[in-house]
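Report on the structure
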Amino acid sequence: MRMGSMITGGIVAITAVSVAMAAPSKPEQARAAVQAVLDASAKAWNAGDLDRFMTCYDKAPTTTYVSGDNFVQGYDAIRARYAQRFGGGTRAAMGELTLEIVDFRMLGNGHAYVVGRFHLHRDAANGGDASGPTTLVFAHTASGWRIVADHS
């Protein structure tokens, strides 16, 4: 019985450490980390680097993207959708993107709800300017903060 208690205690200790390491404990730290992810993503977009832009998304089959009537699930499908909509990832087709956080709320430890605004500047030949709200759910993963749900 003592060995079982030691194993259970060890599992509880490992779980506690894992949860403590899962995400910054203060909302302002989490917000800054999420903004850094968004800034890096926009920088990659502006360089015409679709693969680097996509690092803001959790590379999972359950990651979702909703836009208009479209519901896309899975990292690979989301990447394919972006490539289709933005000329396969060329700099001219992608334009210049900025992302700003309008509202940030922690959803327990390791998840955050973000309301943001995107601004996309493109020339008329590539679809023109676009802007609007976006709702994102971030999860703190082994790779850092990543989008698990995007409604743009």
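Residues numbered from 1 in each chain as written. Predicted model: local features only at pLDDT ≥ 70, side-chain atom pairs only at ≥ 80, totals over all residues. Heavy atoms only, no water.

**Points about the nonpolar core**
Ranked by internal contacts, the top residues of the largest apolar core, which has 30 residues, are W45, F53, Y57, Y82 and F138. Sorting the residues of this core by element identifies α2 (27-46), α3 (50-53), α4 (75-85), β3 (96-106), β4 (111-121), β5 (130-141) and β6 (144-151) as the ones contributing at least two each. A total of seven residues in this core trace back to one element, the largest contributor, which is α2. When sequence neighbours within four positions are dropped, the list of residues in contact with Y82 reads W45, L50, F53, M54, Y57, Y65 and D150. (Core = buried A, V, L, I, M, F, W, Y, C linked by side-chain atoms within 4.5 Å. Buried < 20%, exposed > 50% of the residue type's maximum accessible area, 1.4 Å probe, protein only. Helix = DSSP H or I, 4+ residues; strand = E, 2+ residues; numbered from the N terminus. Contact = heavy atoms within 4.5 Å.)

**Things to note about the confidence of the model for the protein chain**
The pLDDT averaged across the protein chain works out to 86; a share of 82% of its residues lies at or above 70. For the protein chain, per-element mean pLDDT is lowest for helix α1 (residues 2-22), which scores 43, and highest for β6, which scores 98. (pLDDT = per-residue confidence, 0-100.)

**Here's the deal with α2**
Note: α-helices contain 3.6 residues per turn, so residues at a spacing of three or four share the same orientation. Taking 1.5 Å per residue, 20 residues should reach 28 Å; α2 reaches 28 Å between its end C-alpha atoms and fits that length. Among the residues of α2, A30, V34, V37, L38, S41, A42, A44, W45 and N46 are the ones counted as buried. (Expected span 1.5 Å × (residues − 1).)

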